[in-house]
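Chain by chain, the residues run as shown.
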Number of protein chains: 2
Amino acid sequence: MTGPRLTPLAQSLPASVPFVGPETQERARGRPFRARLGANESLFGPSPKAIAAMQQAAAEAWKYGDAQNHDLRAVLAADLGVPPETIMVGEGIDGLLGYLVRLLVAPGDAVVTSEGAYPTFNYHVAGFGGVLHKVPFAGDHEDPEALIAKAAETGAKIVYLSNPDNPMGTWHDAGRVQAMIDAVPPGTLLMLDEAYIEFAPEGTAPPLDPADPRVIRMRTFSKAQGLAGARVGYAIGAAPLIEAFHKIRNHFGMCRVSQAGALAAWGDKEWLAHVQGEVARGRQEIARIARANGLTPLPSATNFVTIDCGGDGALARRVLEELTARDVFVRMPGVAPLDRCVRVSVGDAQALAVLAEELPAALAAARG
Amino acid sequence: MTGPRLTPLAQSLPASVPFVGPETQERARGRPFRARLGANESLFGPSPKAIAAMQQAAAEAWKYGDAQNHDLRAVLAADLGVPPETIMVGEGIDGLLGYLVRLLVAPGDAVVTSEGAYPTFNYHVAGFGGVLHKVPFAGDHEDPEALIAKAAETGAKIVYLSNPDNPMGTWHDAGRVQAMIDAVPPGTLLMLDEAYIEFAPEGTAPPLDPADPRVIRMRTFSKAQGLAGARVGYAIGAAPLIEAFHKIRNHFGMCRVSQAGALAAWGDKEWLAHVQGEVARGRQEIARIARANGLTPLPSATNFVTIDCGGDGALARRVLEELTARDVFVRMPGVAPLDRCVRVSVGDAQALAVLAEELPAALAAARG
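Residues numbered from 1 in each chain as written. Chains lettered and ligands numbered in written order. Predicted model: local features only at pLDDT ≥ 70, side-chain atom pairs only at ≥ 80, totals over all residues. Heavy atoms only, no water.

- Looking up chain A in an unreviewed UniProt entry gives the name Histidinol-phosphate aminotransferase, with the organism given as Rhodovulum iodosum.
- Word for word, the UniProt comment on chain A under Sequence similarities (unreviewed entry) is "Belongs to the class-II pyridoxal-phosphate-dependent aminotransferase family. Histidinol-phosphate aminotransferase subfamily."
- Heading Pathway (unreviewed entry) of the UniProt record for chain A holds this comment: "Amino-acid biosynthesis." (UniProt positions renumbered as here; feature names shortened; annotations may be inferred.)

Shown next as structure tokens:
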């Protein structure tokens, strides 16, 4: 008996995972985390209206979801001031990134991103045989000009920028990003990941212009709306590109319960303001805890704070391991020089109290 | 400004949809269906325990789902008597089919299926540049021997069989399917779609043998468990193939609420038995309605009944249109000679009463 024959590309890929999930770690450790601060989830939870909508929709889960995501696209379009045909709803930004890369990247095609930027984007690019070209962060920021230069040099199909950026939490203002859009080389698409945009200062996002074919923007219900587990993201782009998703997407891939939750979450602006306030407070508290331990918090426009541990990657790795051993789930950037930091999601008071309690001993052990 | 450059394959694909959803039809019609009998959903709903589990999980939707689907895989493995590493949980069979085709099918690779079989499988094959070879149904059954012969002739990467089969509702016994497995040509994988297996007579599914690399089986929570809108399917296959899914899958693609719902649904064998009983009764009722109108119901091992309208595809198409105009959502096979039929999902008493009420006039209009 012989087995199936994988494609040469599939054969060449490792069985990798961009992130190890907290549940996976908990099973390996044999006990749960006390503070879940590693995945930039919203510990403040979804809007009570979203919870209620999902609870009501649960009984209707026997029906496939609406393949057109009509109602959600309609309210997004109305509120964002763009036509519905310039919005694609999908299975989280992760799912949409997979579709986008599949549409644009054939084996050997160039793609540009930053050293240390979102690993799941890189995973999709590798998964479709693209060739990644990376430019370093400039300071603790992604470097728009270097990204554009590399895209021009390599003839890239896609150039990726997150703004605000993950894993550092920094951001560029709208003018700088618009200048990057205006500099996108012919035939390149700027993939502008705005997963954290609701936590950024006014003036961080350039105006939406879905007539512009040079950029696609992606946003999510996973962060500010607290629906990471529901898997709802959306892309805003020029209609021909949005239309192309229909060529390959899993038309009935959206959970009906999640559609209902996202719709209700979008309508609850009070909850959004509440979460934004909690996140702003939580960032200050994480910064305070960091400073109290002699560490340097980076400015953040996201729902996490990246903390410079003041040494090299090996030190930060030990800090992370010691925090993990003390039941605090955090993550860290993957490459130097960003990996001198650990990344801590904003938690509620209880989770941040655990952080404050455990960080001194974790630091001492890491340095010892 | 120039736009992004799609891959040649993506450029060549139409913006198609394998099925038009009922909500899309309702928006076009301007009014809702009275009987939702077209998508083989379970009108009996999910288990009350699954609904309760989803309602409870809704408040936890701020957490990403467990990337390993550990708990669900553990109970599936224990109950099915296979190792957990031979089970892959994914975003419905549709999602898993996309991953499978991506793993195995490069542009130009041959794939074999039946004329009129599951369109979403064909959509994925086309989407990755595969070349579909189709063999006709034999009578109203898929033809295992012809499928195997065509796979051998074309050197197919995948040969697809659904058992019980969609859209006709017929089935082969386990011996016939096992003989097909044993005849799979070297280097071909049998994709055995068992979405409807819970509705089939004992002796329809061959024993699970995850040591056998020649076949992958896919099952779903969308049908008997009534969770179509939750998007949970699973594949059972040899460990090396199951492991390969990790190379390309969306690791955090599963909804946390759906994971909870599926786990609870799997544990509620009483509800499964209840649904099986209702479906058996409903099949008889649809058959009765068909016969009372001079039509011929096909035997069914699924949660739908395919009804021979006694004419050609044009007649059945008119019957479908007239039923639609009377607010009854049904579907029909896409190709001759199967398209002499319409396909009616088993509904509850209320939905089938609507069918009984509207079918005579729909038939008269279709014939007139």
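There's more to say after this.
Overview of the overall build of chain A
- Each helix and strand counted, chain A has 13 helices and twelve strands in total.
- Here the C-alpha atoms of chain A give a radius of gyration of 21 Å, agreeing with the 21 Å that 2.2 N^0.38 yields for 368 residues.
- The dimensions of chain A, computed from C-alpha atoms along their principal axes, are 60 × 55 × 50 Å.
- Here the analysis covers contacts within chain A between residues at least 6 apart in sequence; of these, 73% occur between residues at least 24 apart. (Helix = DSSP H or I, 4+ residues; strand = E, 2+ residues; numbered from the N terminus. Rg over C-alpha atoms; globule rule 2.2 N^0.38 Å. Contact = heavy atoms within 4.5 Å.)

As for the relation of the copies chain B and chain A
- Laying chain B over chain A is done by rotating through 180 degrees and shifting 0.0 Å along the axis; what remains is an RMSD of 0.0 Å. Here the two chains are linked by the operation of a two-fold rotation axis. Distance from the rotation axis, computed per C-alpha, reaches its smallest value in chain B at Q55 of chain B: 2.2 Å.
- Counting the interface residues of chain B, we find that 100% of their copies in chain A are interface residues as well, pointing to one common contact surface. (Least-squares fit on C-alpha atoms with pLDDT ≥ 70 in both.)

Points about the nonpolar core
- Of all hydrophobic cores here, the largest spans 158 residues; its most connected members are L37, L100 and I216 of chain A together with L37, L100 and I216 of chain B.
- Once you skip the residues sitting within four places of it in the chain, I216 of chain A turns out to touch L100, L189, L190, M191, L192, A235, I236, G237, L241, I242 and F245 of chain A.
- Within the second largest apolar cluster, 52 residues are counted, among which are V257 and A264 of chain A together with L76 and W266 of chain B. (Core = buried A, V, L, I, M, F, W, Y, C linked by side-chain atoms within 4.5 Å. Buried < 20%, exposed > 50% of the residue type's maximum accessible area, 1.4 Å probe, protein only.)

Things to note about the sheet that holds strand 6 (residues 189-193) of chain A
Residue and element names in this part refer to chain A.
- Reading across from one edge, 2-8-7-6-5-3-4 is the order of the seven strands in this open sheet, with mixed pairing throughout. The two strands at the open ends of the sheet, each matched to only one other strand, are strand 2 (87-90) and strand 4 (131-135). Adjacent strand axes in the sheet meet at a mean angle of 20 degrees when their direction is disregarded.
- Bridge count between strand 7 (residues 215-220) and strand 8 (residues 233-236): four bridges; the pairing is antiparallel. (Pairing = 2+ DSSP bridges. Axes fitted to C-alpha atoms, helices over the stretch in contact; angles between N-to-C directions.)

A look at the environment of V17 of chain A
- Tracing the backbone through its elements, the reader meets V17 of chain A in the loop between helix 1 (8-12) and helix 2 (22-29).
- Residues V17 of chain A and V82 of chain A, spaced 65 residues apart in sequence, show a C-alpha to C-alpha distance of 35 Å.

Quick look at the UniProt feature "domain: Aminotransferase class I/classII large" (unreviewed entry) in chain A
- According to UniProt, the "domain: Aminotransferase class I/classII large" (unreviewed entry) feature falls on residues 37-358 of chain A.
- Helix makes up 40% of residues 37-358 of chain A and strand 15%, whereas the separation of the span's terminal C-alpha atoms amounts to 13 Å.

Some thoughts on the interface of chain B and chain A
- Every contact between the two is made by 85 residues of chain B and, on the other side, 85 residues of chain A.
- Across the chain B/chain A interface, buried area totals approximately 7,100 Å², and carbon plus sulfur atoms make up 60% of it.
- Counting every contact that joins chain B to chain A gives four salt bridges.
- Measuring nitrogen to oxygen at the nearest pair gives 3.0 Å for the salt bridge that ties E23 of chain A to R256 of chain B.
- For the pair chain B and chain A, the interface holds 51 residue pairs in polar contact (both at pLDDT 80 or more).
- The set of elements that each furnish at least two residues to the side of chain B that touches chain A consists of helix 1 (8-12), helix 2 (22-29), helix 3 (48-58), helix 5 (92-104), helix 6 (119-127), helix 9 (239-244) and helix 10 (256-267) of chain B.
- If you tally residues by element for the side of chain B that touches chain A, the top one is helix 5 of chain B, at five residues. (Buried area = accessible area lost by both parts, 1.4 Å probe. Salt bridge = Lys/Arg side-chain N within 4 Å of Asp/Glu carboxyl O. Polar contact = N/O pair within 3.5 Å; in protein donor to acceptor, adjacent residues only side chain to side chain.)

Examining unusual backbone geometry
Residue and element names in this part refer to chain A.
- Following A336, the chain continues into P337 via a peptide bond in cis, with omega recorded as 0 degrees.
- Within the element layout of this structure, P337 appears in the loop between strand 11 (328-329) and strand 12 (341-345).
- Unusually for a residue other than glycine, R231 sits at a positive phi of about 65 degrees.
- If you trace the backbone, R231 turns up in the loop between strand 7 and strand 8.
- For R231, a relative accessible area of 4% translates into the label buried.

Notes on the packing of aromatic side chains
All names here are of chain A.
- Counted according to the given criterion, the structure contains 18 aromatic pairs over all chains.
- Ring geometry for F221 against Y234: centres 5.8 Å apart, planes inclined by 55 degrees, an arrangement best described as tilted. Highlighted residues: F221 in the loop between strand 7 and strand 8 and Y234 in strand 8, separated in sequence by 13 residues. No difference in accessibility class separates F221 from Y234, as the two residues are buried.
- Through a chain of ring-to-ring contacts, the aromatic side chains of F221, Y234 and W266 assemble into a single cluster. (Phe/Tyr/Trp six-rings, centres within 6.5 Å; stacked < 30°, edge-to-face > 60°.)

Notes on the domain arrangement of chain A
All names here are of chain A.
- Here chain A is described as being made up of domain 1 (20-45 + 270-367) and domain 2 (48-267).
- Relative to domain 2, the C-alpha centre of domain 1 lies at a distance of 25 Å.
- The interface of domain 1 with domain 2 comprises 25 residues on the first partner and 23 residues on the second.
- Both sides together, the interface formed by domain 1 and domain 2 hides about 1,900 Å², and carbon and sulfur atoms give 64% of it.
- For domain 1, the biggest contributors to the area lost against domain 2 are L272, A301 and L338; these three give 26% of the whole.
- Where domain 1 packs against domain 2, one counts eleven residue pairs in polar contact (both at pLDDT 80 or more).
- Looking at the side of domain 1 that touches domain 2, the element that brings in the most residues is helix 11 (residues 269-292), giving six residues. (Domains from an automatic or database assignment.)

Here we look at the pattern of salt bridges
- Tallied over the full model, the rule gives 42 salt bridges over all chains.
- For the salt bridge of R214 of chain B with D182 of chain B, the shortest nitrogen-to-oxygen distance reads 3.0 Å. Here R214 of chain B, found in the loop between strand 6 (189-193) and strand 7 (215-220), pairs with D182 of chain B, found in helix 8 (residues 174-182); they are 32 residues apart in sequence, far enough to count as distant.
- Bridged by salt links that share partners, the residues E23, R36 and E41 of chain A together with R256 of chain B form one connected network.

Brief notes about the state of the cysteines
Residues and elements named next belong to chain A.
- Tallied over the full model, the rule gives zero disulfides over all chains.
- The thiol sulfur of C309 is not disulfide-bonded, and the nearest other cysteine sulfur, from C341, lies at 6.8 Å.
- A residue is classified by how much of its surface remains accessible, and C309, at 5% relative accessible area, is buried. (Disulfide = S-S within 2.5 Å.)

So, the packing of helix 4 (residues 70-80) of chain A against helix 10 (residues 256-267) of chain A
All names here are of chain A.
- At a minimum axis separation of 9 Å, helix 4 and helix 10 run at an interaxial angle of 20 degrees. With respect to each other, helix 4 and helix 10 are oriented roughly parallel. Remark: the crossing between helix 4 and helix 10 carries left-handed chirality. Contact residues: D71, L72, V75, L76, D79 and L80 in helix 4; A262, L263 and W266 in helix 10.
- Classifying every residue of the contact of helix 4 with helix 10 gives seven nonpolar, no polar and two charged. (Parallel < 35°, antiparallel > 145°, perpendicular 65-115°, else oblique. Left-handed = near helix turned anticlockwise from the far one by under 90°. Nonpolar A, V, L, I, M, F, W, Y, C, P; charged D, E, K, R; others polar.)

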